[in-house]
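# A closer look at the structure
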Amino acid sequence: MLAALILAAGPLLVRTDAYAFPPYAQAVESTDLEKYNTQAEYEAAVGDARFALRKLRYRSGGLSVVAYLYAPASPAAPRPVVVFNRGSGPRGDVAPEIAAMLHRLAVAGFAVLCPMYRGSDGGEGTDEMGGADLDDLMATAALVRELPGLDPDRLFLYGESRGGMMVFQALREGYPARAAAVFGAFTDFDRLLASDPARYAPIVDPMKKSGQYETWVRRRSALSFVDALRAPLLLMNGGADRGVPPEHAFALAQALGARGRPYALVVFAEERHTIRGEQEERDRQAVRWFRRYLERATGQR
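## A few points about the packing of helix α4 (residues 95-107) against helix α12 (residues 279-292)
Helix-helix packing is described using two parameters, namely the angle between the two axes and the distance between the axes. Two elements in contact, α4 and α12, have axes separated by 10 Å at closest approach and are oriented at 40°. The orientation of α4 with respect to α12, classified from their angle, is oblique. Where α4 crosses over α12, the handedness of that crossing is right-handed. The segment α4 lies against α12, with Met 101, Arg 104 and Leu 105 engaging Gln 279, Glu 280, Arg 282, Asp 283 and Val 287. A per-class count over the contact of α4 with α12 returns three nonpolar, one polar and four charged.

Rendered as structure tokens:
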């Protein structure tokens, strides 16, 4: 599963559709918007006519899958691209939930591409939580080259929770990112699953019965492939995150430091999983990190 192979696969874009953000009250009913944005934050983001969201369909592994593209509404000079990787498993439309974050990154000068992964928001296939769905992320490096107004030579990865795991795997497989940032990302999947056996039993039990548990977990645990993580990494975590405690970030930071890899670690002491109370500062930290490498070679190429 190499980026070079995906880049040689031919045109990926199937179609592009305009997206209209729903009113706040409607979005609250159909999404988890209130967990991410206040009404004021949401309305300020979706009301900025300088930017527009488009829903894309593109090919990945023989499937038609979905991504969002948030970028200037009118043609402009090519922008560096943040590929944002959402958290959780299969989802429907999550654009309202991430609207404020998209807007913050766009105001900072980036376009944002968000792969939804197979099986979500009308996309074909089945989400394997870091299995074959990794192809959907890997394909975005080629997809960017087919989209106007984007700079394919200045790509960055950003991930939340499960999306952080996707970022780590993409870097392992050679995704051409200049730098990456994650928050609430687990780095030892076995430790995560063992932290709440009842919750994760539907995942763990079938894999143990299949005899593939160790392989399955190792593939999704950044601590098992640290040597392959060469892009500069910003690790962020909530100090009060009970689901993915900061020890996950500490362990990876220690391993990266021992290998002399470029990284930074930021812990928001009183914050939980999505760093909701400090989300503006969270994204500001990511933007600063990405800007450090806008014009700087990183050895990834």
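## Description of the packing of helix α3 (residues 39-46) against α4
Contact geometry for α3 and α4: axes closest at 8 Å, N-to-C directions at 65°. With respect to their mutual orientation, α3 and α4 come out roughly perpendicular. Every pair of crossing elements has a handedness; the one defined by α3 and α4 is left-handed. Contact with α3, carried on its side by Glu 41, Tyr 42, Ala 44, Ala 45 and Val 46, involves Pro 96, Ala 99, Ala 100 and His 103 of α4 and no other residues of that element. Split by residue class, the contact of α3 with α4 holds seven nonpolar, one polar and one charged.

## With respect to helix α7 (residues 162-172)
Buried residues dominate α7, accounting for 10 of its 11 residues. Positive backbone phi, approximately 95°, marks Gly 174, located one or two places after α7.

## Considerations on the nonpolar core
Formed by 58 residues in total, the largest nonpolar core has its most connected members in Leu 157, Phe 168, Leu 171 and Tyr 175. The biggest single contributor to this core is α7, with six residues. Ignoring any residue separated from it by four or fewer positions in sequence, one finds Phe 168 in contact with Val 182, Ala 185, Phe 186, Thr 187, Ala 222, Phe 225, Leu 229, Leu 233, Leu 235 and Leu 252. In this structure, Leu 53, Ala 181, Phe 183 and Val 266 belong to the second largest nonpolar core, which totals 43 residues.

## As for the confidence of the model for the protein
Note: predicted coordinates in regions of low pLDDT should not be interpreted at a detailed level. Considering every residue of the protein, the mean pLDDT works out to 93; 95% of them sit at 70 or more. Residue range residues 1-8 is modelled with pLDDT below 50. Its contacts to residues more than four positions away, or to other chains, number 19 contacts.

## Some thoughts on the environment of Tyr 293
Positionally, Tyr 293 belongs in the segment after α12. Judged by relative accessible area, Tyr 293 falls into the buried class, the value being 5%. Spatially, the C-alpha atoms of Tyr 293 and Leu 155 are 9.9 Å apart, while their sequence positions differ by 138 residues.

Conventions we followed
- Residues numbered from 1 in each chain as written.
- Predicted model: local features only at pLDDT ≥ 70, side-chain atom pairs only at ≥ 80, totals over all residues.
- Heavy atoms only, no water.
- Axes fitted to C-alpha atoms, helices over the stretch in contact; angles between N-to-C directions.
- Helix = DSSP H or I, 4+ residues; strand = E, 2+ residues; numbered from the N terminus.
- Parallel < 35°, antiparallel > 145°, perpendicular 65-115°, else oblique.
- Left-handed = near helix turned anticlockwise from the far one by under 90°.
- Contact = heavy atoms within 4.5 Å.
- Nonpolar A, V, L, I, M, F, W, Y, C, P; charged D, E, K, R; others polar.
- Buried < 20%, exposed > 50% of the residue type's maximum accessible area, 1.4 Å probe, protein only.
- Core = buried A, V, L, I, M, F, W, Y, C linked by side-chain atoms within 4.5 Å.
- pLDDT = per-residue confidence, 0-100.

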